[in-house]
Amino acid sequence: MSNTIYTQYNTLELCEAVENIVRETPITDMHTHLYAPDFGELLLFGIDELLTYHYLIAEFFRMSETSYDDFWALDKTAQADAIWQCLFIENSPISEACRGVLTVLDQLGLDPTSRDLNAYRAYFAAQDPSDFIDTVYETANLASTVMTNDPFDDLERPIWESGYEGDSRFHAALRIDPLLNDWTHSCERLKGWGYDVEPGLNERTLAEIRRFLDEWMCRMNALYMAVSLPPEFAFPEDSPRAKIIEHCILPVARKHNKPFAMMIGVTRQVNPRLRLAGDSLGKSSVAPVEALCAKFPQNKFMVTMLTREDQHELTVTTRKFRNLLLFGCWWFLNNPSLIEEMTRMRIELLGPSIMPQHSDARVLDQVIYKWSHSRHIIAKVLCDKYTDLVETGWEVQHGEMKRDIERMLGGNFWRFVDLELS
Ligand code: HDL
Ligand code: ZN
């Protein structure tokens, strides 16, 4: 395979090479909800966590007559039993989230045909969390993942404050939704932590918010700051959110030369009775992304948007700004049909300068299916794109494809994190 040349006359060999490279390239998973073992109960893994993933809970309530209250009164094992019976036995598990559970079982060497939940439970119960992380990373071929780390989370904050020293398999991202989306309540919490802040966002308060952000960026050695934003997100805007972004988030991001990640289009808790499964989406505007990238050329922005309808405009906007990194097929877009459509469009408009995917995994084992399924689709799209390329007469070297694919599966993210904007 050394440095084979691919032309229009050996495209079958080209596509086989693309599939091998995509499969064999270790991935940096740039947005997850996973945790290192030191975070204790926050690290989720195993069949009961897989089955009670909020994606499956939403699907369960559509096909079961169980009442919300009756379901939530069950313990996790009983919830998993109910979901398994409803979505896998009484109905075929053809949704992406259900299929994913079976991909995990299959790739961990368990037998999906047995349909024996207790046998699966026994396997996971026998796993040591830290060793199992290595097993899962090896199965999914992950180099590392980026966590979502929230200093406003009362379970997580004490772990950082007690001197958590890190785990090379997990990087940190400073998530600050409460600060930007609920300033009134967050102001009280910062005050309780000793920051001299008041609701009115005067200069002293803005300085203290910068101190808070700076301290957590250092404590976490965070690769980026991140926030999820509603469809109505606007910038510029006369609002606490816009003021904190301009006068706190962006200056601290510049000081650390780290990106600010905006995840736009989520409408929280449209059905609170679904709890974590109760969030939805809305068509958003790309205008604030354009305004921020244009006004702050010294800042780096990572953006993903939640509706299919926003993808083309966001992709074109990404063409306009070198300080903007487009990433992932987020949440309700993380399905084969949409991953393929988005990846084709993005490569046609942006070439190999994108980060096509992140897993968003909440349960450790999910990275196995989320990446197995996405690798298959990314390889399929790249096979077509490199075939289109060689049909122009251009020759592609194996090493050049490997270079491109390594960038799209991690290198572009790391380059952007370290990028110095002149
Ligand atoms: O806000 C986010 O980061 C989202 O990814 C939510 O956590 C969502 O619940 C999720 O897990 N999506 O996959
Ligand atoms: Zn997420």
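Residues numbered from 1 in each chain as written. Chains lettered and ligands numbered in written order. Predicted model: local features only at pLDDT ≥ 70, side-chain atom pairs only at ≥ 80, totals over all residues. Heavy atoms only, no water.

A. View of the domain arrangement of the protein. Splitting the protein by domain gives domain 1 (5–43 + 142–418) and domain 2 (46–126). For domain 1 and domain 2, the distance between their C-alpha centroids amounts to 28 Å. Facing the 20 residues of domain 1 at the interface are 22 residues of domain 2. Summed over both sides, the interface between domain 1 and domain 2 buries roughly 1,900 Å², with carbon and sulfur atoms accounting for 61% of that surface. A per-residue breakdown of the area domain 1 buries against domain 2 is headed by Arg 273, Tyr 369 and His 373, which together make up 28% of the total. (Domains from an automatic or database assignment. Contact = heavy atoms within 4.5 Å. Buried area = accessible area lost by both parts, 1.4 Å probe.)

B. Focus on the sheet that holds strand E2 (residues 27–29). Reading across the sheet, the three strands line up as E2-E3-E4 and stay open at both edges, with parallel pairing between neighbours. Since the sheet does not close on itself, it has two edges, and those belong to E2 and strand E4 (170–171), each with one partner. Here three bridges tie E2 to strand E3 (residues 142–146), and the two strands are oriented parallel to one another. Note that in E3 the partner of Thr 28 across the bridge is Ser 144. The strands touched by helix H8 (residues 129–140) are E3 and E4; relative to E3, the strand with the most contacts, the crossing angle is about 115°. Helix H18 (residues 398–418) contacts E2, E3 and E4 of the sheet and is inclined by roughly 60° relative to E2. (Pairing = 2+ DSSP bridges. Helix = DSSP H or I, 4+ residues; strand = E, 2+ residues; numbered from the N terminus. Axes fitted to C-alpha atoms, helices over the stretch in contact; angles between N-to-C directions.)

C. Seen up close, the coordination of the zinc ion (ligand 2). Within the protein, the atoms that donate to the zinc ion (ligand 2) are His 31 (NE2), His 33 (NE2) and Asp 360 (OD), at distances of 2.0 to 2.1 Å. When the donors of the zinc ion (ligand 2) are listed by position in the chain, the intervening gaps give H-x1-H-x326-D. Note that His 31 is positioned in the loop between E2 and helix H2 (47–51) and Asp 360 in the loop between helix H16 (336–350) and helix H17 (366–390), a separation of 329 residues in sequence. Using a relative accessible area of 2% as the deciding quantity, one classes His 31 as buried. (Donors = N, O, S within 2.8 Å, 3.2 Å for Na, K, Ca; no water. Buried < 20%, exposed > 50% of the residue type's maximum accessible area, 1.4 Å probe, protein only.)

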